[in-house]
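A structural walkthrough
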Amino acid sequence: MGALCSSDSGVTAGSRAHKSTFKMADKIRKGNDQASIASMVPDVMDPKLIHKTVRIFLSSTFTDTTLDRNMLMQHVFEPIRNMCREHGIAFEVVDLRWGIRQESTSDHRTLNICLEEVRRCQDASLGMAFIAILGDKYGWRPLPPMIPHQEFETLLSNLDDAESELVRNWYRRDENALEPCYVLQPITQQFDINAVTKEASDKAWNEWSTVEQTVSRALNEAIEKVELHEKEKKKYVTSITEREVEIGIIDDPMAAERTLVIDRRIQDIDKESATARLYINFKGQEADEESIQLMQKLKEEEIAKKLGTDRFFLFNDLKWNQAGLTMESHGDYIKEMCENVKSVLVNNLKGIFQRLGPLDMLEEEVARHALFCREHTINFTGRGNILLAIHKYIDGEDPMMPLVIHGESGVGKTSLVAKVVCDVQNRYLGSDLAAIYRFCGTTADSSTGRGLLLSLCRQIGRIYGVDEDTIPETYSGLVEEFLKILSNASRDLPLFILIDSLDQLSDENGARKFLEFIPRRIPRYVRFIVTTLPKAGGCLERLKTFGLPRSHFIEIKRLESSDGPAILDARLKSVGRTLTSEQRDIVLSAFNACPLPLYLELAFQRCREWPSYKDLEECKLEADIPGLINAFYESLEHYHGKLLVQRVLGLLAVSSEGINPDEFLDILSCDDELLDDVLEWHTPPQRRLPPLLLARLRHDLGNFLVQRGAQGVILVSLYHRQFWEVAQDRYLSSERWKATFLTLGKYFSLQFGKDRAISAQPLAYGLKALNMRK
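Attention in this report is confined to the structure presented alongside it. (Residues numbered from 1 in each chain as written. Predicted model: local features only at pLDDT ≥ 70, side-chain atom pairs only at ≥ 80, totals over all residues. Heavy atoms only, no water.)

**With respect to the overall build of the chain**
Counting its secondary structure elements, the chain contains 29 helices and 19 strands. If you take every contact in the chain between residues at least 6 apart in sequence, the share linking residues at least 24 apart comes to 77%. Surface exposure of the chain reaches about 33,600 Å², of which carbon and sulfur atoms provide 49%. (Helix = DSSP H or I, 4+ residues; strand = E, 2+ residues; numbered from the N terminus. Contact = heavy atoms within 4.5 Å. Areas by Shrake-Rupley, 256 points an atom, 1.4 Å probe, with all protein chains shown as cover.)

Set out below in structure tokens:
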């Protein structure tokens, strides 16, 4: 294995008291060895500890819980959000009153959005993840958006001709699911619910409601005639609210620690009152007794088995009022309910603050890069020859010089070197190896030369027992220290360093221009790899002046045409999809004209949604990466609203470090044009941007958005250069550019927003992290 192989003897002295020091960045270490950098990462396998978010899904039917939710938002969630902010933790409440646009309803995405959001809260939240306010209303029971093909055809055989024709008219078979299924078609295929006039739109919605009820009734009658498992039957008869509770509580083994339910029962509801329709389900002109019984069963038989009285609060003495639930008649309930919820949340947060402990900036930096590395190898495939060449450098005799990997934007350098890191960690598992890596631009400290070198020197220092107090703070001092500290590598504890995307460094201190910290010669037992774009920042040209031999430059070229099919098929299989042969040819033909990994990833994100019955004329792909990014942004505009996407991506395009989610909310909450657009159908208790709108947009941006840490606070920014460039071109005209910069300036100088409950920026995040952005 060459010089990087250590001897089999144990390491016994000083910083090497533990064997295999930092052989894996995401290995959990025990004990008191401060030199082991891995011991600084308590559990990098759990992204929750890195992202530092408390995310709660608020489940309820809408028309009967308006007052309850508004009071929680105003008197509980806002103070809790400020409390979390002071500790550098994001606090989000998912209230879908403001989270689903009409376009998603037309495409029948509502159910999937709700259930996906419940799971996302469970996956992301450090603590509480689900709160339900359950009244007497059972809620809407939507048609299944998808039915497995065999099940559908069995049900169809039990319908009469007229019913069968109607159901077939609204469900179409999709062969692109690995298990073929029938998909509910958009409402707009027959009804103009987006009509310009309210009268025409209301008429279209009423016509669809009649069809929906008829199809639902036919399917419900059919399931009684066939043998279906009770779990399969549920999708035809269960409300969205019960489906949320099933995932959020019933099926969650951690429900007792991270859920809470308000059981609110109003006595003697006047079913003849027009207001009653807001508080219980009706069938025609009569109260729906079946729905009332289903809600009682959910509370008394299902939830009661999972939660104790400390998490399941019963309020059963509320009196009916013809005006419904009001503060005048039910203020005592509202006050007690809010106090109970706040008490549970505060106690939960205290445990989180204690578990996180004091902030260690280096620990957070190492963990973020470890998580980023892992995420970028999940779908990696191919590049075998390039990997062999890189490992030849790593495994060979001491090369004495760094290895430079370069290639055009979108060619896949970052995923490639992330794979190299994982390979190194796995290949030298059981050997003593210090593996250190940074992906420049993914965190604030890896975006400047000084921040990068300070974290690298401190990490190397902790591994090799260097007194951290001797590490200088100035850039020039850090350059000298970094080149010197590499000499600590030894046969017993060799050192592997990778620095990705030198071109992402800022020009501060001339770090990107001169690259003074890159050694011309490296000590024995060190492997040193860097990557860069060929032109941006002039890094490659500068490296070519270092006297490195040609063999130490590896160019990552575009993929071969033969690579496309395997990569595309693997990505589709990972999400349970495939394509028709004609659709597959369209994608691969477009890829062959632009054989870049980023192009293929963007094409995959588009075609994964194509059903087999999609018209081939609509299965078109833009010719280059900017074109696909523009199309991607356009699809975001369709589902999230053009103004919201424009404002969010515009802010990201002008921010060098990134923007904190709370800053986003505050800035956008002062944009009246945007608020008029997103609050068209629902008005929150305060005229602010609902947090869910931003959270869902961030989710749909996916891996193209990177989450950074800076001065103890979470920041988000566009990771890939081409996404940033397209966002500038698309959303920042000369006037919009000026307005966006003025908005940022006013926000950070506290010049606006007092009427929108804009929180003052804290002086510090926790005990050790001062708010340097204030």
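**Concerning the environment of G412**
Considering the arrangement of structural elements, one finds G412 in the loop between β11 (403-406) and α15 (413-427). Taking the C-alpha atoms as reference points, G412 and L559, 147 residues apart in sequence, are found 9.4 Å from one another.

**As for helix α17 (residues 475-485)**
Along α17, the residues that are buried comprise Y475, G477, L478, V479, E481, F482 and I485. Contacts made by the buried residues of α17 are with α16 (449-464), β13 (495-500), α18 (511-514) and β14 (526-532). (Buried < 20%, exposed > 50% of the residue type's maximum accessible area, 1.4 Å probe, protein only.)

**A closer look at the pattern of salt bridges**
Going through the model one piece at a time under the given rule, you end up with 49 salt bridges. E601 is the salt-bridge partner of R571, the closest N and O atoms lying 2.9 Å from each other. Of the two residues, R571 is situated in helix α20 (residues 563-574) and E601 in helix α22 (residues 597-607); the sequence distance between them amounts to 30 residues. Accessibility expressed as a relative area gives 12% for R571, which makes it buried. Its salt-bridge partner being E617, residue K620 comes within 3.8 Å of it at the nearest N-O pair. Residue E617 is classed as exposed on the basis of its relative accessible area, which comes to 57%. (Salt bridge = Lys/Arg side-chain N within 4 Å of Asp/Glu carboxyl O.)

**Re the packing of aromatic side chains**
Under the defined criterion, the tally for this structure stands at 17 aromatic pairs. With 6.4 Å between their ring centres and 80° between their planes, F632 and F723 make a pair best called edge-to-face. A residue pair is termed long-range when its members are at least 10 positions apart, and F632 in helix α23 (residues 625-640) and F723 in helix α28 (residues 721-731) qualify at 91 residues. One exposure class covers both F632 and F723, and it is buried. (Phe/Tyr/Trp six-rings, centres within 6.5 Å; stacked < 30°, edge-to-face > 60°.)

**Observations regarding the sheet that holds strand β2 (residues 90-94)**
Ordered in space as β2-β1-β3-β7-β10, the 5 strands form an open sheet in which the pairing is parallel. Strand pairing shows two members of the sheet lacking a second neighbour, β2 and β10 (312-319), which therefore form its edges. Adjacent strand axes in the sheet meet at a mean angle of 15° when their direction is disregarded. Two strands pair when backbone bridges link them, and strand β1 (residues 53-59) and β2 are joined in this way by 5 bridges, in the parallel orientation. Paired with T53 across the strands is A90, a residue of β2. Across the sheet, helix α9 (residues 240-250) lies against β1, β3 (130-134) and β7 (259-267), angled at about 145° from β3, the strand it touches most. Those strands touched by helix α11 (residues 289-306) are β3, β7 and β10, and its axis lies near 145° from that of β7. (Pairing = 2+ DSSP bridges. Axes fitted to C-alpha atoms, helices over the stretch in contact; angles between N-to-C directions.)

**With respect to the state of the cysteines**
Simply put, disulfide is the name for a covalent bond between the sulfur atoms of two cysteines. In this structure the tally under the stated criterion is 0 disulfides. With no disulfide of its own, C619 lies closest to C607 among cysteine sulfurs, the gap being 9.1 Å. (Disulfide = S-S within 2.5 Å.)

**Description of the packing of helix α24 (residues 642-654) against helix α27 (residues 691-701)**
Where α24 contacts α27, the two axes come as close as 11 Å, and the packing angle between them is 70°. Considering their axes alone, α24 and α27 lie roughly perpendicular with respect to each other. Contacts from L644, V645, V648 and L649 of α24 reach α27 at L693, L694, L697 and L701. Considered class by class, the residues forming the contact of α24 with α27 number 8 nonpolar, no polar and no charged. (Parallel < 35°, antiparallel > 145°, perpendicular 65-115°, else oblique. Nonpolar A, V, L, I, M, F, W, Y, C, P; charged D, E, K, R; others polar.)

**Concerning the nonpolar core**
With 129 residues, the main nonpolar core has F482, F517 and Y633 as its most contacted residues. In terms of residues, this core owes the most to one element, α24, which gives 9 residues. Ignoring sequence-local partners within four residues, the contact set of F517 consists of L452, L453, Y475, V479, F482, L483, I499, L502, L505 and A511. With 44 residues, the next largest nonpolar core counts V93, M128, I334 and F353 among its residues. (Core = buried A, V, L, I, M, F, W, Y, C linked by side-chain atoms within 4.5 Å.)

**Quick word on the sheet that holds strand β6 (residues 181-184)**
With antiparallel pairing, 3 strands are arranged side by side in an open sheet as β4-β6-β5. If you trace the sheet from one side to the other, it starts and ends with β4 (146-148) and β5 (171-174), each paired once. With strand direction ignored, the average angle separating the axes of adjacent strands in the sheet is 30°. Of the pairings in the sheet, the one linking β4 to β6 comprises 3 bridges and is antiparallel in character. The partner of P148 across the bridge, within β6, is C181. Across the sheet, helix α5 (residues 149-156) lies against β4, β5 and β6, angled at about 90° from β4, the strand it touches most.

**Brief notes about the side chain of T61**
Structurally, the position occupied by T61 is in the loop between β1 and α2 (66-85). A polar atom in the side chain of T61 sits 2.5 Å from the side chain of D64. Excluding its chain neighbours within four sequence positions, the residues that come into contact with T61 are R69, K137, Y138, G139 and T241. (Polar contact = N/O pair within 3.5 Å; in protein donor to acceptor, adjacent residues only side chain to side chain.)

**Side note on unusual backbone geometry**
In this model, R383 sits at a positive phi of 60°, which is unusual for a non-glycine residue. Residue classification places R383 among the buried residues on the basis of a relative accessible area of 17%. Residues other than glycine seldom take positive phi values, yet N509 does so here, at roughly 60°. For N509, the location among the structural elements is in the loop between β13 and α18. Its relative accessible area of 40% is what places N509 among the partly exposed residues.

**Structural notes on the environment of N281**
Mapped onto the secondary structure, N281 falls in the loop between β7 and β8 (282-283). As a C-alpha pair, N281 and K137 span 144 residues in sequence and 5.7 Å in three-dimensional space. With near-sequence residues (within four places) excluded, N281 lies in contact with K137, Y138, G139, A287, D288 and S291. Here the side chain of N281 touches G139 through a polar contact of 3.0 Å, landing on its backbone nitrogen.

**Details of α9**
Most of α9 is tucked away, with 11 of its 11 residues classed as buried. Buried within α9 are the following residues: I240, T241, E242, R243, E244, V245, E246, I247, G248, I249 and I250.

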